[in-house]
Structures are given as C-alpha cells and as structure tokens.
Amino acid sequence: MARGKLRIYLGAAPGVGKTYAMLSEAHRRVERGTDCVVAFVEHHGRPRTEVMLHGLEQVPRKQLEYRDATFGEMDVDAVLRRAPAVALVDELAHTNIPGSRNAKRWQDVEELLAAGIDVISTVNIQHLESLGDVVESITGVRQRETVPDEVVRRADQIELVDMSPQALRRRMAHGNIYQPDKVDAALSNYFRPGNLTALRELALLWVADRVDEYLNEYRSEHRVSKIWGSRERIVVGLTGGPEGRTLIRRAARLAEKGAGGEVLAVYIARSDGLTSASPKELAVQRTLVEDLGGTFHHVVGDDIPAALLDFARGVNATQIVLGSSRRKAWQYVFGPGVGATVARESGPDLDVHIVTHEEVAKGRGLPVARGARLGRARIVWGWGIGLVGPAVLAVLLNTVDLGLANDMLLFLAVTVAAALLGGLLPALASAAFGSLLLNYFYTPPLHRLTIADPKNIVAIAIFFGVGMSVASVVDLAARRTHQAARLRAESEILSFLAGNVLRGETSLEELLERVRETFGMESAALLERAGDVEPWTTAGRAGFGPPLERPEDADVDMPVGDHIALALTGRVLPAEDRRVLAAFAAQAAVALDRRRLQEEADQARALAEGNRIRTALLAAVSHDLRTPLAGIKAAVSSLRSDDVAWSEEDRAELLEGIEEGADRLDHLVGNLLDMSRLQTGTVTPLIREIDVDEVVPMALGGVPEDSVELDVPESLPMAAVDPGLLERSVANLVENAVKYSPRGCRVLVSASAIADRVEVRVVDRGPGVPDEAKDRIFEPFQRYGDAPRGAGVGLGLAVARGFAEAMGGTLNAEDTPGGGLTMVLSLRAAESRPESLPAGEDIAESERQTLC
C-alpha cells in the first residue's frame, strides 16, 4: 500500500491560525468530493475555530482514565477502520495519556501514513526538538512536548501560517486566543513583542531552510549544474592575508541588500601539508564572518580557481567576492592570477566582484608552504624553453652568421632562462640539447657530431658547465626559499601556539579544529588511556568521520607521552610536517591538562566558597544571635528572681518576650542551617505534585494577620515542588516584604499560571530596590539600606532563591508599578502527563485545568 502524504501547518506561536487554516483546507477538499474526517482537533474554546468543525465528520475520541479524571484522545483504531482519504490531526507534538496506543501523537500519525491515509496536522516552531534550547533562551519557557525535526522535515508539504506580532497581540487582547483572566499574564510574559518577533524569525528561517533543501534535492535529482539565483549566496575567497577583513565586510553589505542574503567565507589550502596563511589571521577572519552572521569553510585543493568555483556552484552561490591581486606587475608573466581566472570561467550566472584594498600590488608576503617552490607553471615553461628554445634559436641562426662565440652565448642565454624558470632538470636538458645543436650546425665539420678543433671542445664543455652551474644555483635557491618560507610558516604557527599557552585562550576542541584545518585533514582527535593495558578513550575531537578506537587506526598518529596520542585521518603527512604536528600534540595535551585543572580549580573555588560561608555563619552566630539569647536569659533570670514580686501582667510580658526571642532565634538558626545545606549541596528536594493554595497560606504564620492580602485561586494547576522548601521560600519572601512595607500597607501574595509555570508574586509598597542592586540582595549576609543588625543576618532572600533553584524554579525581583518591590517565584507546573503540558497551542493551560 502506498504511504500517505503528510501536510503540516507550521506556526510561530499559539493563536496564529494553524487549526483554522487546516479546517478551511478540509472544507475545500470536502467540497471537491474528498473523503475527509476529523481524527482529532482541539478548538481550545475559540468560537471561530469551533464553528469551522461544523459540516465535517468527526471520529469519536477514545476516553481514557488517568489520575481520577477522564480524557479524550485520538482513537487510532477507529480512524484506521474508517479508512478515510484524509485525516485531520491537530497538535502533532502532543503527548498521549498513559494507556494510549502510542506515547506521542506523531507516532499515531506515522501509523495513519503507513496505512495509506493522508494526514493534515499542525505544530508550532517551539515544539521542534532541535530548537528547544533556543526557544527557552528567548521565552524562558522550556517546551517539554516536542516532535523530532525529522518527522516534520519528512512532510510532503509544509505551509507557514504567519502573523505579525502586533496582530497576534491584538487577537490576544480581544480574547480570541485565551480566556480574559489569562490575557494580561500572557501578554506580559510569553507573548511579549520581542518573544513573538524572535519566534517568527525562527519559523521563517526554518521554513526557508526546508525550501532550500527541496531545491537542492531537485537540482541533484535533475542534475542541474546551472546556478539558480533563488537566494543571494555570496562566497568570499580568502587568502589569509589582511585584506580578507575588507572582503568579508564588503560581502556582508552586499548580502544586506538582497532578500535572505547569506555570506560563505572559504579558504582554499593546498594539499601538501601546511597551509599558506597565518593561522592567527584566519582565526580573526573566521570570528569576523561568524559575527556578521556568515559561515567559514575550509577546503583543500591544489587548483585554487577550480576549487573556488566548484565550491560556489556546490552551494548554489550567486556571487563571488575576491580581492585585487597582491602580485606585482612582473609576476603576471607567470599567469593571469586567481581573480582573472575565476572571472573568466565563472559563466553568466555567477557574478564576480573584484574588490580593491590596501594590499594591492604589494606582493603576497605570506608564508607559503608550496608556492615558494618552482610551481607547475614555471616548470612547464622551463621545459618548453629548454627544449623548444634551442631548436628555434638554431633555425634563426641558420639564416645569419654571427660566429661560433656569439652562437654559444645565445644558446647559453636560453639555458640560463630554462634554469631560472624550470630549475635543474630543464636546464640540463637545454644544455645537452644546445650542445648537440652547436656541435651539429656550428662546429666544424658541420652537420656531423664530431669536433675537429680541440678549442671548440673546450668551448662546448664550458658552455655545458656554465648551464649546469646556473641550473644548480637556481634549484638551490628555490629549495632554500621553500625551506625559509616553510620555517616561517612553522614559526608563525608555533608562535601562535605559544601565545595561546601563555594566555590560555584556546580550548581543546578549538585547538583540534585548528590542527585539522592547518594540515587539511578530515578529522583530528586526542586519545588517552589510564594505563598501558587500558582501552583508549576520546578526550576531544574535531571534524567528521568515524570515531577512532586506538591511534593505530588513524592515518597519522603523534604520541604525547605514554598514554596520550594525537590522531589524524584524511591522508598520510610527509615527514617534514611531523615537527609542527608534534608541537600541536603537545599543546593539545596542555589544553587537556588545563581543562582538568580548571575543573579542579572550580571545585576548589566551591570549597573555598563553602569555607567562606561557614566562616560567615560562625560570625553571624557570635554576633547576631546574641541579642535574642540575651533577651531570653534576662527574662528567665527575672522570672526566677525571688527579690521581686512580679504581677501577672509583668510575668505575661516577660514570657511573651521569651517566646518572641525563641521564635526569632529559631528563625535565624533555621536560615543559617538552610544556607549551610545549600552551600554544601545537601539540599535534596522531594518533588511531588501539590496545590499551591494549600502551601502558601501555611507560610504566613510568622507575620501579623492583617499585614498580608492573599490572592491564590483554587483553579491553579498543580505545581511540581517540595512543599517544605516552597513554604520556607514563601515565608522568607513574605517576612522580608512585611519588614520593609510602610504601616497600613498590606503585602499582596498572588499566584497565576503562565505557560508551563506557576508564578507566586509577593508585592510590597516599600522603598523598592534600584536595578543595580536587585541581584545583590539575593547574596548571603546582605541587608538592604539601613536595616539594623538585629533585623537578621541577611540570609532570608538567599535561602529563598536557593530553595527555588533546588526545585527547578527561579526567583527574581521586579519593580512594583507605583513603587515598591515584587518578588516573582516561578515554579514548574506538575506533569499531569508523561511530559509536562502544554501540548500544541495550550501555552496558558486554560482548557486543561481539570487535570488539577
């Protein structure tokens, strides 16, 4: 049976109209005679969406019991028995109730597709698995109900349902998305304009990348090599010279002018070992292009223009940005240069920009590993002049008689030219061939390979010797130049490594990536083992390719001591490169040791912080606890004294003082012990599902009854917290708020549900706290303003935040509108399903409150 087709409506946020668009498509298909049913659609109480369900056949839901409540889920078996042509399945990322056929709804959809049923579904961008961390960093909400990206990518059609943030907020304000009591909280939290704009950008970029994948697949299947300018992609060719920064910035400006412009910087290194660019300069340029939103690529290829054009066509680029040549005028004798060659061979669909810069015509000046030798072009020219030159010269000299001495000088000039261009072998060939021609055409007896005059033998021998000498000198100079350039390249790399050692800048992974790029390898890994017979483990890795189980499996391995080795895959390196590789290996071992020392330093720092806290605790005990102890002792001594006859009122007052001192002492000691537990990491919360309205009132026992106003609705979702830690946190927050509130102003303690969080807010009308001090007030032993020492040891807020974080929550301070301070305690909502709600669009959980 043919597999069904999947169509997905993708939105940036709840309320953009995905379900409405899906139902509209269903009505269109029904009007065309398609057998279409509603397998599962959640209208979330939105009237306009609910109306769209009228006229569509709905498959009854399967009722499941879970935690003393009944829930309706999609009945997969019923849909399979009905076997429609098209099934509508809402909220693809939804987690099914335990006892369902599958754990996730997307797995239900896979069964329908396998049965040949076309499926139309919906999903929000925040529910894609790969974007979970990004969405959390934007919104502060972790989406625990996710769908694998591959499930969505395999969809036959993805349609973006888009809406501007302003329009979506208007819909929210008009009550078209959530119930009125949830609107204000949603608009001030998840549905802030910045959040919605960032989510919209994520959705647009994700869909654009998917469209780009479709385009690349089509081009590959149809073998389309011609560039399609559907999207501006600008390739920047880098040489590693200082002009690269200018080229990158120019390419970024070009990309800004085109819709969806993308910058790809590429450095092409030769395959003969060390690259020809300064690693430090390449690192700077990599950082620059990434800061400008582009990507950096490293390609190995001996033919620079061909490799650059292949890369550009492979990524479907539309433009190439190159710098004007740094070669001097006389160097153009050896060829037109990379820029001219790329421009000539780019074709009509690939524009080439040649950008001027300050390094034009100043010479390359880079440490070149191979370019300093006699290149291929020079060798070809040397052989051409060495073999063809003497023949042409012989033809010309046959037309004019210049004498044997002049003829020999001219042949010697040709040999010297061959030596200067091609080195030793072309010069030897030219000298030998020239000697034969001199003997045959110009030395008596003519046209015979014999010499009658002994003087001519000496002349020809001198001619051959001079040619060989010049060729040897040129070849030696080329080799020395190559060695000098190579040593210069090595010295730059070693200097860069030494600087990193001193500054401690490069991490192990970054260093391995630099090794891979420097030597043009596929992957680089640092392997280690605990002993001679222990198995090897990977301490760090860069590049692609299968992981290595031992250094011997790599193409190149460089041992560092007995139990560490640097392993490279891709090709076998020449022996001359192993000296620099050994320096990289030693630096990698240093980076590994530095990372472990840093971990040990962090642990030591934590221990030192614990010691500091314990020292401060002792100081607090010795100073701040004396007041309540002294008060208790004085009251007890007075009561026990036989010298004074205390009245009942006096005795009651003294007993009240003892009780207040004991309560105060209990509170201080409790905070001290709690902070000690937090600093030593011994707080182990017992997380369970509770109703916030049951715990919060218990936290108000330590404050006067008329000082707090409580607003905690019973309809709140249950929270996943430790009841004891939550009570202590709220108690500390309330006591702190009451302490700083003016007389006659009550502290407001309210709670609400936002996304998958439950927020408890403690609002006071006190003096408030400036922004720069909002984080500092949560540090231990901090008192704000002129609070007296007897007011406490300054641990209440520190303990409250520590307990909140131990439960997986957060505690932050905000300004109270109109003056004062608001403490916002954000807690995780209870997981009423295997994974926490909300599912699909249910960010406010308005329709699932019955779970609590």
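Preceding block: the structure.
Numbers given for residues are sequential positions, taken from 1 along each chain in its written order. pLDDT decides what is reported in this predicted model: residues at 70 or higher carry local features, side-chain atom pairs at 80 or more are listed and counted, and totals for whole chains, interfaces and linings draw on all residues regardless. To get the side-chain values, all heavy atoms of the structure are used, and hydrogens and water are removed first.

Trainee: Please give an account of the overall build of the protein that cites residues and values.
Mentor: For helices the rule is a DSSP run of H or I covering at least 4 residues; for strands it is a run of E covering at least 2, with both sets numbered from the N terminus onward. When helices and strands are tallied, the protein shows 24 helices and 24 strands. Three exposure classes are used, based on accessible area relative to the maximum for each residue type with a 1.4 Å probe and protein chains only: buried under 20%, partly exposed in between, and exposed over 50%. The buried share of the protein, taken over its 852 residues, is 48%. Approximately 41,100 Å² of the protein is accessible, and the part contributed by carbon and sulfur atoms is 54%. Note on areas: these come from Shrake-Rupley sampling with a 1.4 Å probe, and a residue is covered only by the protein chains present in the view.

Trainee: Can you lay out the side chain of serine 729 for me, pointing to particular residues and giving the numbers?
Mentor: Mapped onto the secondary structure, serine 729 falls in helix 23 (residues 723-740). On the basis of relative accessibility, which here comes to 1%, the residue serine 729 falls in the buried class. Should any heavy atoms of two residues lie within 4.5 Å, those residues are considered in contact. Dropping the residues within four chain positions of it, serine 729 is found in contact with Ala800, Phe803 and Ala804.

Trainee: With reference to specific residues and values, describe the packing of helix 23 against helix 24 (residues 796-806).
Mentor: To describe two helices that pack against each other, one gives the angle between their axes and the distance between the axes. It is the contact of helix 23 with helix 24, at a shortest axis distance of 9 Å, that shows an interaxial angle of 150°. Between helix 23 and helix 24, the angle falls in the class roughly antiparallel. For the pair helix 23 and helix 24, the crossing hand works out as left-handed. On helix 24, the residues touching Leu725, Arg728, Ser729, Asn732, Leu733 and Asn736 of helix 23 are Gly796, Leu797, Val799, Ala800, Phe803 and Ala804. Just so you know the grouping, Ala, Val, Leu, Ile, Met, Phe, Trp, Tyr, Cys and Pro go in nonpolar, Asp, Glu, Lys and Arg go in charged, and all remaining residues, Gly too, go in polar. Its residues placed into classes, the contact of helix 23 with helix 24 shows 7 nonpolar, 4 polar and 1 charged. To get an axis, fit a line to the C-alpha atoms, keeping to the stretch in contact for a helix; angles then go from 0 to 180 degrees between the N-to-C directions. We call two directions roughly parallel when the angle between them is under 35 degrees, roughly antiparallel when it is over 145, roughly perpendicular when it lies between 65 and 115, and oblique otherwise. The handedness criterion is simple: a crossing whose near helix is rotated anticlockwise from the far helix by less than a right angle is left-handed, and one whose near helix is rotated clockwise is right-handed.

Trainee: I'd like a rundown of a positive patch on the surface, residues and numbers included.
Mentor: A cluster of basic residues, Arg249, Arg250, Arg253 and Lys257, forms a positive patch at the surface. For arginine 249, the location among the structural elements is in helix 10 (residues 244-257). Patch building starts from residues that exceed 30% relative accessible area and form no salt bridge, then joins like charges within 9 Å and nonpolar side chains (Val, Leu, Ile, Met, Phe, Trp, Tyr) within 5 Å. Only one rule defines a salt bridge in this text: a Lys or Arg side-chain nitrogen within 4 Å of an Asp or Glu carboxyl oxygen. The convention is simple: Lys and Arg are positive, Asp and Glu are negative, and His and the chain ends are not counted. To locate a charge, take atom NZ for lysine, CZ for arginine, CG for aspartate or CD for glutamate.

Trainee: Provide a residue-level description of the packing of aromatic side chains, including the pertinent values.
Mentor: By convention here, two paired aromatic rings are described through the distance between centres and the angle between planes. Classification of ring pairs uses Phe, Tyr and Trp, with its six-membered ring standing for Trp, and accepts pairs whose centres are within 6.5 Å; under 30 degrees between planes counts as stacked, over 60 as edge-to-face, and the remaining range as tilted. Per the counting criterion, the structure on display carries 0 aromatic pairs. In this scheme, Lys NZ or Arg CZ marks a charge over a ring once it lies within 6 Å of the ring centre and within 35 degrees of the ring normal. Over the face of the ring belonging to phenylalanine 40 we find arginine 61, whose NZ or CZ atom lies 4.1 Å from the ring centre. A cation sits over an aromatic face here: arginine 105 above phenylalanine 40, 3.8 Å from the ring centre.

Trainee: Residue-level account of the sheet that holds strand 24 (residues 821-828), with values.
Mentor: Pairing within the open sheet is mixed, and its 5 strands lie in the order 19-21-22-24-23. Of all the strands in the sheet, just strand 19 (708-711) and strand 23 (810-815) have a single pairing partner and so form its edges. Going from strand to strand, the sheet's axes swing by 20° on average, the running direction of each strand aside. Relative to strand 24, strand 22 (residues 757-763) is paired through 7 bridges, and the arrangement is antiparallel. The residue bridging arginine 761 from the neighbouring strand is valine 824, located in strand 24. With respect to the sheet, helix 23 is in contact with strand 19, strand 21 (747-754), strand 22, strand 23 and strand 24, its orientation differing from that of strand 24 by roughly 170°. Helix 24 rests against strand 23 and strand 24 of the sheet, and its axis sits at about 130° to strand 23. DSSP bridges decide pairing: two strands pair if at least two such bridges lie between them.

Trainee: Any chance you could break down a nonpolar patch on the surface for me, citing the residues and the numbers?
Mentor: Where nonpolar side chains cluster on the molecular surface, the patch consists of Ile379, Trp383, Leu387, Val388, Val392, Leu396 and Leu425 and spans about 610 Å² of accessible area. Element by element, the count of residues in the nonpolar patch is highest for helix 14 (residues 376-397), at 6 residues. If you trace the backbone, leucine 387 turns up in helix 14.

Trainee: Quick rundown of a negative patch on the surface? Include the residues and the values.
Mentor: Together, Glu648, Glu649, Asp650, Glu653, Glu656, Glu659, Glu660, Asp663 and Asp666 make up a region of like negative charge exposed at the surface. In this structure aspartate 663 comes out as partly exposed when scored by relative accessible area, which is 48%.

Trainee: Got a sec to walk through the pairing of strand 21? Specific residues and values, please.
Mentor: Counting buried positions over the 8 residues of strand 21 gives 6, a clear majority of the element. Relative to strand 22, strand 21 runs antiparallel, the two being bridged by 7 bridges. If you follow leucine 748 over to strand 22, its bridge partner there is valine 763. The hairpin turn running from strand 21 into strand 22, its antiparallel successor, is 2 residues long, and alanine 755 in that turn takes a positive phi close to 55°.

Trainee: How would you explain the sheet that holds strand 17 (residues 564-569) if you had to name every residue and give the values?
Mentor: Spatial ordering of the open sheet is given by 15-14-17-16, a layout of 4 strands whose pairing is antiparallel. With partners counted over all chains shown, the strands left at the sheet margins are strand 15 (537-543) and strand 16 (556-560), one partner each. Each strand of the sheet is rotated relative to its neighbour by a mean of 15°, with strand direction disregarded. Pairing of strand 16 with strand 17 involves 5 bridges; the strand directions are antiparallel. Opposite proline 559, over in strand 17, you have alanine 565 as the bridge partner. Against the sheet, helix 18 (residues 508-518) touches strand 14 (523-528), strand 15 and strand 17, its axis set at about 55° to strand 15.

Trainee: So what about the packing of helix 15 (residues 404-422) against helix 16 (residues 424-442)? Which residues, and what values?
Mentor: Running from N to C, helix 15 and helix 16 point in directions that differ by 165°, and their axes come no closer than 7 Å. Relative to helix 16, the element helix 15 lies roughly antiparallel. Considering only the axes of helix 15 and helix 16, their crossing is right-handed. Contacts between helix 15 and helix 16 involve Leu404, Asp407, Met408, Phe411, Val414, Thr415, Ala418, Ala419 and Gly422 from the former and Leu424, Pro426, Ala427, Ser430, Ala431, Gly434, Leu437, Leu438 and Tyr442 from the latter. Of the residues in the contact of helix 15 with helix 16, the class split is 13 nonpolar, 4 polar and 1 charged.

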